[in-house]
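Here is how the chains run, residue by residue.
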Amino acid sequence: MKQSKQQPAGKVVPFTGEFYPEVDTTPPATGSAAPYMMFVAAALIGGLSLGAIATYQSVDQVKLREMQAQSQQLEKVKDQVCR
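Note that the coordinates shown come from a computational prediction; the quantities given were computed from them, not determined experimentally.

Participant: What is the right way to read the overall build of the protein from this model?
Facilitator: When its secondary structure is counted, the protein shows two helices and two strands. Listed by position from the N terminus, the elements making up the protein come as β-β-α-α. Expressed as a percentage of the 83 residues in the protein, the buried residues total 0%. On the protein, roughly 8,500 Å² of surface is accessible, and the fraction owed to carbon and sulfur atoms is 62%.

Structure follows, in structure tokens:
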């Protein structure tokens, strides 16, 4: 009895004899929510950063920092005078 050689898994197209390897037809993997969560987290951090910058540079905050600096200078002058 004659044994035939085994060919690799594939498909032979009738009439032409061309050999095409079989394509794995697994369904594509379902996407996870991780990229969307990263985008939301980045947008949230960016928004908070912009809000903090806007608050720090607001007119009221600038005036408050100036008043605190003047208050500290006044305390230094009072300490020097009252010695």
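Resuming the write-up.
Participant: Mind showing me how you'd approach the pattern of salt bridges here?
Facilitator: For side chains bearing opposite charge, pairing can occur when the charged atoms are close. Applying the stated criterion across every chain, the model contains one salt bridge. A salt bridge links Lys78 to Glu75; the shortest N-O distance between them is 3.7 Å. One end of the pair, Lys78, and the other, Glu75, are both in helix H2 (residues 59-81), three residues apart, so they sit about a helical turn from each other. Its relative accessible area of 42% is what places Lys78 among the partly exposed residues. Residue classification places Glu75 among the partly exposed positions, given a relative accessible area of 40%.

Participant: Help me understand the packing of aromatic side chains in this model?
Facilitator: Ring pairs (aromatic) are described by centroid distance and by the angle formed between their planes. Tallying each qualifying case throughout the model produces zero aromatic pairs. The ring of Tyr56 carries Arg65 above its face, with NZ or CZ at 3.8 Å from the centroid.

The rules behind these values
Just so you know, the residues in each chain are numbered from 1, in the order the chain's sequence is written. The predicted origin of the model limits local features to residues at a pLDDT of at least 70 and limits the giving and counting of side-chain atom pairs to 80 or more, whereas totals for whole chains, interfaces and linings rest on all residues. In computing side-chain properties, one takes all heavy atoms of the structure into account and sets aside hydrogens as well as water. Only DSSP runs of H or I reaching four residues or more are called helices, and only runs of E reaching two or more are called strands; each is numbered from the N terminus. Remark: exposure states derive from per-residue accessible area (1.4 Å probe, protein chains only) relative to the maximum for the residue type, with buried under 20%, exposed over 50%, and partly exposed in between. Only the protein chains shown count as covering a residue, and every accessible area follows the Shrake-Rupley method with a 1.4 Å probe. The salt bridge criterion pairs a side-chain nitrogen of Lys or Arg with a carboxyl oxygen of Asp or Glu, the two atoms within 4 Å. Only Phe, Tyr and Trp rings take part, Trp by its six-membered ring, and two of them pair if their centres are within 6.5 Å. Stacked means planes under 30 degrees apart, edge-to-face means over 60, and tilted covers everything else. Two limits define a charge over a ring: the Lys NZ or Arg CZ must be within 6 Å of the ring centre, and within 35 degrees of the ring normal.

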